[in-house]
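# An overview of the molecular structure
Below are the chains, spelled out letter by letter.
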Amino acid sequence: MNPVPLQHFLVVGAILFALGAIGFMTRRNLIIMFLCAEMMLQGVALNLVAFARYRGNLQGQSFVLFIITVAACEAALALALILVLYKRKNSLDVSLWQELREESEEPTLDEEPLESPPETSAMPHLPPAGREPQKKREETSHV
Amino acid sequence: MFLLNFLSSGLKLVFVDQWPLTLAAVVGLLAIYLLLPRPRRLPLVWGIAAGIAALFAVVVLVIPPTRLSVEGVIFYVCAVTAILAGGLLVTQRNPARAALSFALVVLATCGMFVLQAAPFLMAATIIVYAGAIIVTFLFVLMLAQQEFPSDADARSREPLLATATGFVLLGTLLYLITTTYQHPTLQSHLDEVTAGLQSIQTLVQQQELGQSPSQEDLDRAIKENMAKVTAFEEWWKEQHKTSEGDPPIPTDPLGQALYDAEGAFERQKANLGRDDVSLVDLEAALDKIRAAAEIHLGTLRPHVATSGESGRLRPWIESICQATTRIRKLREGTPTTEDRVLGLSETKKQLDDFQEVWQGSVQKMTEPNRTLPETVRLSQALTQARTRLTEQLDRARGDKPVEFKEIESDLDQVRTAAVVARGTLRPRTDFLSDLSGPPASLMPGEIRRDEYGRPHLPAQNSAYLGRSLFGDYLLAVEMGGMLLLVATVGAIAIAYRKPTPRATPANVMADPAGRTA
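## Some words on the packing of helix H14 (residues 314–332) of chain B against helix H17 (residues 404–422) of chain B
All names here are of chain B.
- It is at 9 Å that the axes of H14 and H17 come closest, and there the two elements cross at 165°. Here H17 runs roughly antiparallel to H14, going by the angle between their axes. Handedness of the crossing formed by H14 with H17: left-handed. Facing H14, whose interface residues are Ile317, Ile320, Cys321, Ala323, Thr324, Ile327, Arg328, Leu330 and Arg331, H17 presents Phe404, Lys405, Ile407, Glu408, Leu411, Asp412, Val414, Arg415, Ala418 and Val419.
- Among the residues forming the contact of H14 with H17, the class breakdown is 12 nonpolar, one polar and six charged.

Laid out in structure tokens, this is it:
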């Protein structure tokens, strides 16, 4: 039986961290950005637990417990903030908050149009009520 | 010119020496870039193919599976699930599905926690994150449910730049991890030694069955394995070269095992002519190397000699080298009395300074009630050198012949002892109690290990974790609790909306014009 070497866990932790960082930088949905930040924390926690295992002490595991605490605080604050931001703009898009940028920066504009939602007629078509539908031949044959 | 050199060596490192890493990172970059949401969708096939190729490249080239065990299989399943789910979370357009893939990431990470003897953390993470994820999920259902694509979900900010940044970071991290913890050379030496061990074991079995192996077989086995051990030892010496260029002293288990094995092979080689070869001796020696090398592979490399306090000592050790040269010059030349007195008194002053600095370092770095044999040796050598210098200085002042040769050998001894003792310096460890396990500054060789080379951890994980938290980390626990309280209050304060005053009869009476509303 061969133990899994330390560096394998470190590599997985690094990959989770980098993926989370990419997600945090590219995604525009506030909730997904929050989830990506949590994934970065998971990568770090994995690192700490691996070091605790391979150094034979519990310090890494204690540290992960504090990470969980901080992550819980972060979740509470982030969700409250998301709620407030959503109320103001009625959308979860971070790019709507571009007025928070520096004065010298140009705003980024979305040039390519999105796929437009399928056309739906504005008013539903209502048949005149109170008339009996004409019976079709198959229907009568079944009865 | 410097810039050119820098660039060419950098390019060589990235594209020649570390091509597996570069390949994996570039393919992974492509995968994430192609899969990120954008208004005009790209075909999914290419992105998915690149993602699978990147995962495959990482598993095969960067973290190759060694002999697979049950533990290894569980690890790979968890790791692949975590990475795939992480990729899905980053590239998913639907926020509800993204929340679900984050749940998968957490579950897979918890699987890896269990593999690393952290069952309490597994439970805690599942409970806390499952709760957090359910809340997030509610948010998603409340706020983000749209039937048509929105700006928030169907567009990415700077997809190419962000992905490139992320993968440059990842490549650097992976490079550091692989160069620090994976020694391809050590692994190849280990494989060689294991193969040699097997060949000797077959010979031993033959012997036990009553067939004595032929002289040629014995001769070949000893010579081949001896070459392997010597090559291994050369590599070890190269790795542990001291900054003064001295041959290293085997202080770690691997060096010790190699040194012993070389002796064993020399002995048996001498026995070869007398037909009295003890194969069991060789087997034991090789087995010791194998065990030590396997432990060495799985642990940090000690690099105390170049950093921190022991790095500060380096110029002082060099000053002793200078003193030795000065004495040698005095011995070889024909100095006047004044020169001799001057040289000796300067040397004495250097030794005194060194002793002062060394005492300071020892007080700062080692445990109060712990004396190491290396430290004792150094202080003995120092005392001897200083006594001799004092008495020779008197002789020089009295214009009598001075024993320069003895002084030189004394100084040599001080220098060797100082080089060895310098390696024993490490930070003091009396900050934490025993409840948190052995201190982090312990050398890898001093940790108690099981038969696979992994350190022992307490069996009652949660009990020990609790004692450690409420013993050593009590202040931090209190502060964590405080932080939670502040966060709760903050969340309420942020999300609280002032109720608008209703038009009650009392209001209308006080403000008939209705200006408050």
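## Observations regarding the environment of Leu160(B)
Residue and element names in this part refer to chain B.
- In this structure, Leu160 sits in helix H8 (residues 159–181).
- The exposed category is assigned to Leu160, around which 12 C-beta atoms lie within 10 Å.
- Sequence spacing of Leu160 and Tyr33 is 127 residues, and the spatial spacing of their C-alpha atoms is 6.3 Å.

## Brief notes about helix H4 (residues 70–91) of chain B
- Taking 1.5 Å per residue, 22 residues should reach 32 Å; H4(B) reaches 32 Å between its end C-alpha atoms and fits that length.
- Turning to H4(B), its buried residues number three or more, namely Phe75(B), Cys78(B), Ala79(B), Ala82(B), Ile83(B), Ala85(B), Gly86(B), Gly87(B), Leu89(B), Val90(B) and Thr91(B).
- Structurally, H4(B) contributes buried residues whose contacts are with helix H1 (6–26) and helix H2 (30–55) of chain A together with helix H2 (19–35), helix H3 (44–62) and helix H5 (95–115) of chain B.

## Some points on the interface of chain B and chain A
- Each partner contributes to the interface: chain B provides 97 residues, whereas chain A provides 72 residues.
- Mapped onto the side of chain B that touches chain A, the elements with two or more residues apiece are H4, H5, helix H6 (119–143), helix H7 (151–154), H8, helix H18 (461–471) and helix H19 (474–495) of chain B.
- In terms of residues, the side of chain B that touches chain A owes the most to one element, H8(B), which gives 13 residues.
- Class assignment of the residues belonging to the side of chain B that touches chain A gives a composition of 62 nonpolar, 25 polar and 10 charged.

## Things to note about the packing of H2(B) against H3(B)
Residue and element names in this part refer to chain B.
- In contact at an axis separation of 8 Å, H2 and H3 are set at 155° when each is read in the N-to-C sense. Taken together, the axes of H2 and H3 are roughly antiparallel relative to one another. The interaxial crossing formed by H2 with H3 has left-handed handedness. On the side of H2, the interface is formed by Pro20, Leu21, Leu23, Ala24, Val27, Gly28, Leu30, Ala31, Leu34 and Leu35, while H3 contributes Trp46, Gly47, Ala50, Gly51, Ala53, Ala54, Ala57, Val58, Leu61 and Val62.
- In terms of residue class, the contact of H2 with H3 is built from 17 nonpolar, three polar and no charged.

## What to know about H14(B)
Residue and element names in this part refer to chain B.
- Taking 1.5 Å as the rise per residue, H14 with 19 residues should run 27 Å; its terminal C-alpha atoms sit 27 Å apart, in good agreement.
- Where H14 is concerned, the buried positions are Ile320, Ala323, Ile327 and Leu330. Buried residues along H14 cover an arc of 75° about the axis, so they all sit on one side. Opposite the buried face of H14, by more than 90 degrees, sit the exposed residues Pro315, Gln322, Thr325 and Glu332.

## Observations concerning unusual backbone geometry
- A positive phi angle, near 60°, is found at Asn90(A), a position not held by glycine.
- Along the chain, Asn90(A) falls in the loop between helix H3 (59–89) and helix H4 (137–142).
- Here Asn90(A) falls in the exposed class, since 10 other C-beta atoms lie within 10 Å of it.
- The phi dihedral of Glu158(B) falls on the positive side, at around 40°, and the residue is not glycine.
- For Glu158(B), the location among the structural elements is in the loop between H7 and H8.

What counts and what doesn't
Residues numbered from 1 in each chain as written. Chains lettered and ligands numbered in written order. Predicted model: local features only at pLDDT ≥ 70, side-chain atom pairs only at ≥ 80, totals over all residues. Axes fitted to C-alpha atoms, helices over the stretch in contact; angles between N-to-C directions. Helix = DSSP H or I, 4+ residues; strand = E, 2+ residues; numbered from the N terminus. Parallel < 35°, antiparallel > 145°, perpendicular 65-115°, else oblique. Left-handed = near helix turned anticlockwise from the far one by under 90°. Contact = placed C-beta atoms within 7 Å. Nonpolar A, V, L, I, M, F, W, Y, C, P; charged D, E, K, R; others polar. Buried ≥ 20, exposed ≤ 12 C-beta atoms within 10 Å, placed from the backbone. Expected span 1.5 Å × (residues − 1). Arc of directions from axis to C-beta.

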